[in-house]
Amino acid sequence: MTRFGVSLPGGGGASLAPSGLADAARQIEAAGFDSAWTFDAIGRGWLLPDPLTSLAIAATVTRTIELGTGILQVPLRNPVELAQRVLTTHLASGGRLRLGVGAGSTAADFAALGVDFASRFRVLDESLTIMRRLWAGERVGEASLAPVWPAAGSGPPVLIGSWAGSRWIVRAAKEFDGWVGSGARSTWSLLKQGIVRFRELGGRRAVVTNVVVDLEQTTPSPTGADDPFNLKCPPDVARERLHHLCKLGFDDVVLVVRRHDAGHLKELHDLAVSAR
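Analysis parameters
Residues numbered from 1 in each chain as written. Predicted model: local features only at pLDDT ≥ 70, side-chain atom pairs only at ≥ 80, totals over all residues. Heavy atoms only, no water. Helix = DSSP H or I, 4+ residues; strand = E, 2+ residues; numbered from the N terminus. Rg over C-alpha atoms; globule rule 2.2 N^0.38 Å. Buried < 20%, exposed > 50% of the residue type's maximum accessible area, 1.4 Å probe, protein only. Contact = heavy atoms within 4.5 Å. Areas by Shrake-Rupley, 256 points an atom, 1.4 Å probe, with all protein chains shown as cover. 1 Å grid on protein atoms, 1.4 Å probe; cavity = no way out; pocket = protein on both sides within 12 Å on 5 of 7 lines; lining within 4 Å. Points joined across faces, edges and corners; volume = space filled by probe spheres on them. Nonpolar A, V, L, I, M, F, W, Y, C, P; charged D, E, K, R; others polar. Pairing = 2+ DSSP bridges. Axes fitted to C-alpha atoms, helices over the stretch in contact; angles between N-to-C directions. Parallel < 35°, antiparallel > 145°, perpendicular 65-115°, else oblique. Left-handed = near helix turned anticlockwise from the far one by under 90°.

## Comments concerning the overall build of the protein chain
A tally of helices and strands in the protein chain yields 10 helices and 11 strands. Since a compact globule built from 276 residues should have a radius of gyration of about 19 Å, the 18 Å found for the protein chain is in line with a globular shape. The 276 residues of the protein chain split such that 51% are buried. At a minimum sequence separation of 6, the contacts of the protein chain that also span at least 24 residues come to 69%. For the protein chain, the exposed surface amounts to about 11900 Å²; the carbon and sulfur share of it is 54%.

Here is the structure:
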């Protein structure tokens, strides 16, 4: 059965005011959603809250929902420092962190930090190896996070964000805990191709994130094979689109909303559940 999650607020005065992120996380859980998610961008002209900081805040005010990154750009960070922050969030959440990671696809983020964009896939591979070894209690060079707390296990489940045709979807299925596709960046046809390929490879958990919601848009956004997947449409059309993702076999759908008030989230949750 498909699970539904909601993104935490993506910046602005309200979300970064005292208790803004915490209140949104509470409302997401109270509305009945299964998860809350954050995204990752640096230096693009607006302040997007740090993904792991946001999830750590959400962890302190919720009890049951999963907490995910969709996705965290690993090559932008030092892997040892990142491994420590990830493990901190994982432990603070009681093991509820689901770490969606990727190489990143926006060159401006890398330019903002002076990091080489062309080598991002190699760095992703190397960094994930270092992080998983550290979570397992190994020493990597001069770095060690041991003794790792028993509750940490070997770190959080790691899901790989990738395009449908990438070799990384093979690794997501065979070496990691799942695959993350993007509704905003993948088209209707690519999402279908991706999940079919992922399942054929034996992949377990498939998540589609960045499904933008605007139920007040009276004229539905286009649904051609090359159009991005979203819910910019009236509620009855949104229900049909969500049902399409459920039929394709996605395990999780992450909705991006403008408002986190209780009434809107409850309405959206009931709509999503009715689409299963």
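Past the structure itself, the notes keep going.
## Topic: the environment of Glu-29
Residue position: Glu-29 is located in helix H2 (residues 20-30). Sequence separation between Glu-29 and Leu-265 is 236 residues; the distance between their C-alpha atoms is 9.6 Å. Those residues within four positions of Glu-29 in sequence are excluded, and the remaining contacts are Val-61, Thr-62, Arg-63, Thr-64 and Ile-65.

## Re the layout of surface pockets
One number sums up the size of the largest pocket: a volume of about 810 Å³. Taken together, 42 residues make up the lining of the largest pocket; nearest its centre are Gly-70, Ile-71, Ser-182, Arg-185 and Asn-210. Contributions of two or more residues to the lining of the largest pocket are made by strand E2 (35-38), strand E3 (66-73), helix H6 (120-135), strand E7 (158-161), strand E8 (178-182) and strand E9 (205-214). Grouping the amino acids of the lining of the largest pocket by side-chain chemistry returns 19 nonpolar, 19 polar and 4 charged. When its volume is computed, the second largest pocket comes out at roughly 180 Å³. Every residue along the wall of the second largest pocket is listed here: Val-213, Asp-214, Leu-215, Glu-216, Arg-258, Arg-259, His-264 and Glu-267. Looking at the lining of the second largest pocket, the elements with two or more residues in it are E9 and helix H10 (262-274). Of the residues in the lining of the second largest pocket, the class split is 2 nonpolar, 1 polar and 5 charged.

## Things to note about unusual backbone geometry
In the segment running from Gly-70 into Ile-71, the intervening peptide bond is cis, with an omega of 15°. Relative to the assigned elements, Ile-71 resides in strand E3. Phi at Asn-210 takes a positive value of approximately 60°, unusual for a residue other than glycine.

## A look at the pairing of strand E1 (residues 3-7)
A large share of E1 lies buried, amounting to 4 of its 5 residues. Summarising the sheet, E1 and strand E11 (residues 252-256) pair through 4 bridges and their orientation is parallel. Considered in E11, the bridge of Arg-3 is made with Asp-252. Across 3 bridges, the pairing between E1 and E2 is parallel. Looking at E2, one finds that Ser-7 is bridged to Trp-37.

## Notes on the packing of helix H8 (residues 188-200) against helix H9 (residues 235-248)
When two helices pack together, their arrangement is given by the angle between the helix axes and by the axis-to-axis distance. Look at H8 against H9: their axes get within 10 Å of each other, and the N-to-C directions meet at 25°. The orientation of H8 relative to H9 falls into the category roughly parallel. The handedness of the crossing between H8 and H9 comes out as right-handed. Contact residues: H8 offers Trp-188, Leu-191, Lys-192 and Ile-195, while H9 offers Arg-241, His-244, Leu-245 and Leu-248. Within the contact of H8 with H9, the residues separate by chemical class into 5 nonpolar, 1 polar and 2 charged.

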